[in-house]
Structure formats: structure tokens, C-alpha cells
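Structure assessment
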Amino acid sequence: MRPARASGILPNVSGPINPFESTEEWPLPSRVPAHSLRCARVCVAYFLTVLSVSSPGFAADAEVETDETILRKLRVPAGLKLELVAREPQLRNPVAFSIDERGRFFVAETYRLHDGVTDIRGHMDWLDDDLASRTIADHEALLRRHLGKDIDKVAVAADRIQLLEDRDGDGRVDHSITFADGFRGIVSGLGAGVLAREGNVWYTNIPSLWLLRDRDDDGIADERQALQTGYGVHISFIGHDLHGLTIGPDGKLYFSNGDRGMHVEQDGRVFAYPDEGTVMRCNLDGSELEVFARGLRNPQELAFDDYGNLWTGDNNSDGGDLARLVYLVEGSDSGWRIGYQTLEGRGPWNAERLWRPEDAAASQLPPVCNLGHGPSGLVYYPGTGLPDRYKGHFFLSNFPGNVLTFTVRPKGASFELVSQEKFIENIYSTDVEFGPDGGIYVLDWVYGWDMPQKGRIFRLTDPQVQASELVAETRALLRGGGREHSTEKLVALLGHADRRVRLNAQFELARRGNDASQGEAIRRALAEVATGEGAVILRLHAVWALGQVARTAGSAVLEPLVALLRDGTHAEVRCQVARVLGEARYCDAFEPLVRMLESGGPREQFFACMALGKLRDARVVPRILTFAHTSAGDPYLRHACVMALAATIDADALADAARSDSSGVRLVALLVMRRAGDARIAQFLEDRNPRIVLEAARAINDVPIDAATPALAACLGRPISNEYALRRILHANFRAGSPQHAA
């Protein structure tokens, strides 16, 4: 992960904790009321062994390092050229960066690490108060209460965005200026995410998502606006911040938050996820906020692949669990809650191995695999700049130590890891991005867990590929944007080799698609491409563009896409058409989506089921229940069934599903009740399937569903052999708190 470890603040731990050997009872802290904290003791988390600054490859040499000695320390693939593009004092303490269409670097620098932003491990006597915090107002009150007259000291050091530029074109930064400064406040976190595009700079710094602009192009932001506020309700672990900014193929802004939690209010809606990490999306102006995924610990970065799939690397808890590669889908829950961090052995997270793909609870979507040890920056190869062998590859900053590259392929409704290898070694990489020149750029913290007051940017290129016409063309297209191109040119660019060029063309066509003078012609051209016989990638971008247009022009513009749901259409086109029609709630797609659900492959079935849920048509309920009977073994298909039923099923139909002869249907009904906090879930404690009994106990205790807790407590003495269920039964009796329950 990006620098997040505290140093010198923990008592010595006599030995490593074995998370699988504890026989202690552990209460599950998914909700800790401020008035009723019953924590009897706290087991302090142990660290991963901190690499010595004198270790080979990570030397913090007393003498000044030359460019040559810096470059010699890194190991890179044969045939690639490594260059040092920038170094201190041009940048310091770099947490994340973004490269705009002009090739300029916007670097998020921190000066608040342990100097304004603290870590709960240094203040374990505050832990109960911190876990009880629900809002940033609670967070501030906690700090004021414990710091007293020293409170102002936390708002002195400020994080900032540094703008770096190579003005003479020699491949080396020669201009560095502070783009925006002064990000400090009592509850401010680390500035950990930045995204620059077409004059807009989005910046994440708890408690806010910011939008900055430089209107006079002097390299200094002259406008700043807080688009949303309310992130970071806990102190938690340092570095579990707001980050991961990226723009999806739907034209929306996506970003992530660690388990410092959120309580954001917008347009009368409250987004309260105080005890877990989340992935959000919204319009580029911050409006129409949604929580897209939840249950993450510290998802530092987000990346979309060529087919619109969203990915992140989620960090481990330094307690014997492993980091996770997560395929994110709407409504997913990855299972982490902040209270696990300070439980003995990490509580159920480790005891039940919920972080392993094969052991995830039914309410979770499991990770694709366990990958890396400190996932930080993440990027997908855009298609130009590197040798062909890197097509379809992700690149992951694995802090500290290396940058990994890996590939995945579909498996069922999800994916599996195909390959992984080290791309760069001996580096404290915090972020990785592709520049418009075709190079892959790597941001380097340099060493240690504290602020090194150093920072570097490296570039890797393939000299032969760099000399190609395609790289030169891509650079020119990215710099120019798309507004000067004709419609015909933009349509052609939807099939370009570089995804960034394709997206630029798509977004410009979507903009024009709502223009009064040319909108109809644009929409017709996009429909022709989407329904034509061109390359799959070309057609996907046309589908996504029409989806963007429909948000303003209305869903009728999507009518030509419905025919693409039929058998015989390329599977990826069908999937994205289903996604777009569902997002637009295009009701005339109901029957074609049902047929796709019943006849498609697992990935097609997933998108059809999710789309049917968005149509909110109760006619789909029996079809979904039939599908659930055969598909509940695939966690992603089960999730799609739960999402569809949660949006469409009524109370009577749900009660009938709970009595089904099919264990798959009953499990899906249970999970729908869990999402709703429905006390009727207690009936599953009597189920004949032990797994369903366990999932009912998990739901009642872990959510928690208080109205069903007495039923869970009453299970004590029944012939239930599953240890995980029994622990929750004991805890239900503990929470009841009466002499009768203690007997």
C-alpha cells in the first residue's frame, strides 16, 4: 500500500499472532454504539517487518545519489529503456499522480503524514471513541476532546498538488510549481488521489472530493470547489484515505475510500458507510452520488479494462491475511468491517478466512485471487507504447518492493488469474500511469514508511515501439482532445488501438449527441456502428456513447440496441447493451433480457439479471427464482439474483421463496432479507441446510439485525455443530446481557 504504517508508536509484541489458533470468543463489531461499548481488551495488530533503509535496493544513502546510481538499483524487463524523469526537489513525498493530455504531471504530495494525520495505533486509549464515530463531526469532536489545547497543531502542515512539466521536450522535467496548496484541517486526511483531464483536476483529500481549475493557464489553480464532504469518520489506520480517481466508460467519475468510512449527505440522501471501505461514482460535477461497492479495507486505486470491468487491489490487514485482487460490480460487498482490525487475531476475518476466494461468506463477492502484499497504484495497458506481449495486462504498484504485471480471463461470471510477473523491482512505487507519449511512468516514494522528503518519477519505454507512427499519432490525438474532429473522424476513432483515444472520441460524440443541431445525426451514426459488423471494441464504445446520450435525451435513443440482446451477437456486446439498457431502465427490453438470462453464458446471464433488476418489473420474480435454483453456486450470479430480487420482490413472494424446496432459492431469499434488515431472516435458523443456518447467524449477528437477535440467542443448546454459527449464538446471548442468557 502507499505509505501508511505508523512507526515508533506501538508496544512490543512478544510474537506473531496465529489468527487460526485463537479459541477466544470474539464479538463482531460491525456497529459499536457510543453508549454501549463493551470492548474488554484490544489486541494490537502486528506489523509486517519493516524493510531496513540500509537494505540492498532501498538505500537511503548519506551521500547525494546520482541519476546513474538511482537507475542502477532498479531491475526492469530486458529490451525496455528506463529513464529518470524527475526527482527531488521537484517533488517530495509523492502519494499519487496523474498525467494530463499535455504530458504534465500532477503529483499529490503529503506533508501531513504523522504531522497532522495520526494513526489509531498510536492512541489505543482512543479506540472506543474512534469506533463509535459515525460522522466527521464526531471525528472532530473526538480530536478536540483528546487533544484539548493542542488541537490547532493538527491543522498546520498542509498537503498539496505539485505540477511538473518537461517544457523543452528532452524527456526530463524542467519546471515544477505548486498547483494547489493549503489542504489542511482538523479532520483532513492525506491527499491521496488526483486526476487531471481537459483542464479539470479532481483531488481527493478527506473529508472532501475537490474540483480545481487553472483558468489562466499559469500552472496555479485559481478555482477550487468541494464537490462532496463527509469522508473519513474514523481515525483508523493512516493512509486509509480517499483515492482511486478514474473516469469510467459511462463517463462517470469513480473513486474509492478506505475503511475510515463515510457519512455524506447530498440532495436529501444520506450515504452512511462508516465502518468499511467503499467505491463511489458520480457525475463529473459531483452530483448524483452512488455507492457502487462496499466492504473493502483500503482499495487504493481503481482501473477499468477494455471491456468496462472495474478492478482494484485491496490491502491486507497485516495479520496473516493476504491482499486481494477484486473485480468490482455494482452492489457488491467484499466483507471487511473496520472492527475486525483490532479484534483478537482479526476475529472472523481470519478465523473464517473470509479473505480467501474459496472461503468467502455467501453475502460477500470473493476476490478473484490473492495478489501482492501492498497494492497501491493500478492501471490497465491502454494499447499503445509497449510491445504486443503486454496487451491485456494490468500493472500494479506493490508497495514496497516492485511493480507487478498480470492478466486475467473470464471464468463463470467472474475471472481468474492467468499470469503474473515482476515488471520493476527494488522500488517503493506508490502509483503507475501511462503517458500520452506511450511510456509507462512509475511514481517512487524512495524509501521508508515516514516522509522521506524525496520523490521520483521513472519512465519505461520500448525504443522500437516509440519510433512507430502509431505512438506519434496517439500522442497527437490525445493532446488535441476531440472537439476539432468531424463526426466521421470521431466514429472511426472509436476503433483506435489506444483506449484513451477511443474514450475521448466516445465522450465527444456523446456530447454532440445531445446537441440540438446535430444530435439526431450523431445518434443515428452511433446506432449504425453499434448494430453493425465492425470490431467488438468499436461497437462497445458506440453502445457506451448512446448510454451517455440517453441520460439527457431519454431512453428512446436506445431502441436500436434491443435487437443486440439476441443470440448470435458477440457476448461482450450483449453484456454492455444489457448494462446500458438496465441503467436507462428501458422497459421494452424486458423480454429480450429474460431470454438472455435463460440462454446466455454466465457473464451474459449476470448482466441480464442485473439489468432486469433495474427495470423493477415484478413479472421477473419467478424467472429470477428459477434461475437462482441453478445458479446459486456462482457467487456473481447469486449476487445478481439478490440485486434483482431486492428491487422487485414483494413481502409475500419473498416469504414463499424462503420456504422453497431449493436450497439455492432459500439462500438467495435469505440474502435479500439480510440486505433489508428483515427480522424474518430468523426462520432460516431452523433450516435443514447447515450452510443456510450459518448464513442466517452471520446476518443476524454481523449486520446486525437486532429484532432477530433473541431468536439467534435461543439457538443455544440446539444441535448446531458449526463453530462459526456457535460463536455468533454465544455472542447473541452476551448482547442480551441478562442472567438467563449467561446461564
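So, here is what we can say about the structure in this document. Here the structure is a predicted model, which is why all the values come from computation and not from measurement. (Residues numbered from 1 in each chain as written. Predicted model: local features only at pLDDT ≥ 70, side-chain atom pairs only at ≥ 80, totals over all residues. Heavy atoms only, no water.)

What follows deals with the overall build of the protein. Within the protein, the secondary structure is distributed over 21 helices and 27 strands. Taking 2.2 N^0.38 as the reference for a compact globule, 743 residues should give roughly 27 Å; the C-alpha atoms of the protein span a radius of gyration of 26 Å, in line with that estimate. Viewed in the frame of its principal axes, the protein has a C-alpha envelope of about 80 × 65 × 45 Å. Here the protein holds 743 residues, and 62% of them are scored as buried. When contacts within the protein are restricted to residue pairs at least 6 apart in sequence, those whose partners lie at least 24 apart make up 64%. Element-wise, carbon and sulfur atoms account for 49% of the exposed surface of the protein, whose accessible area totals about 27800 Å². Seen as two clouds, the 83 positive and the 100 negative side-chain charges of the protein have centres 2 Å apart. (Helix = DSSP H or I, 4+ residues; strand = E, 2+ residues; numbered from the N terminus. Rg over C-alpha atoms; globule rule 2.2 N^0.38 Å. Buried < 20%, exposed > 50% of the residue type's maximum accessible area, 1.4 Å probe, protein only. Contact = heavy atoms within 4.5 Å. Areas by Shrake-Rupley, 256 points an atom, 1.4 Å probe, with all protein chains shown as cover. Lys, Arg positive; Asp, Glu negative; His and termini not counted. Charge placed at Lys NZ, Arg CZ, Asp CG, Glu CD.)

What follows is about the environment of G513. Residue position: G513 is located in the loop between helix 8 (499-512) and helix 9 (519-530). Judged by its relative accessible area of 0%, G513 falls in the buried class. C-alpha of G513 to C-alpha of G345: the two residues are 168 residues apart in sequence and 55 Å apart in space. Not counting chain neighbours up to four residues away, the residues in contact with G513 comprise G519, I522, R523 and V549.

Oppositely charged side chains can pair when the atoms bearing their charge come close. In total, this model carries 66 salt bridges according to the counting rule given. The salt bridge partner of R294 is D333, with a shortest N-O separation of 4.0 Å. Of this pair, R294 sits in strand 15 (residues 290-296) while D333 sits in strand 19 (residues 332-333), and the two are 39 residues apart along the sequence. The class for R294 is partly exposed, based on a relative accessible area of 28%. We note a salt bridge from R499 to D306, for which the minimum N-O separation is 3.2 Å. (Salt bridge = Lys/Arg side-chain N within 4 Å of Asp/Glu carboxyl O.)

Our next topic: the side chain of R502. Position of R502 relative to the elements: it lies in helix 8. A polar contact of 3.2 Å, which involves the side chain of R502, links it to the side chain of D306. For R502, the residues in contact, after removing those within four places along its chain, are D306, L493, L494, G495, H496, A497, I537 and H541. (Polar contact = N/O pair within 3.5 Å; in protein donor to acceptor, adjacent residues only side chain to side chain.)

Next up on the list: empty space enclosed by the protein. According to the stated counting rule, one finds four cavities of 30 Å³ or more in the structure shown. In terms of lining, the second largest cavity is formed by I120, L127, D130, L131, S236, F237, H240, D259, I338, Q341 and T342. Taken together, the residues that form the lining of the second largest cavity break down as five nonpolar, four polar and two charged. (1 Å grid on protein atoms, 1.4 Å probe; cavity = no way out; pocket = protein on both sides within 12 Å on 5 of 7 lines; lining within 4 Å. Points joined across faces, edges and corners; volume = space filled by probe spheres on them. Nonpolar A, V, L, I, M, F, W, Y, C, P; charged D, E, K, R; others polar.)

W311, L561, L593, F606, I681 and F684 are the most contacted members of the largest nonpolar core, which has 118 residues in total. One finds L209, L242, F271 and L289 within the second-largest nonpolar core, a separate group that totals 21 residues. (Core = buried A, V, L, I, M, F, W, Y, C linked by side-chain atoms within 4.5 Å.)

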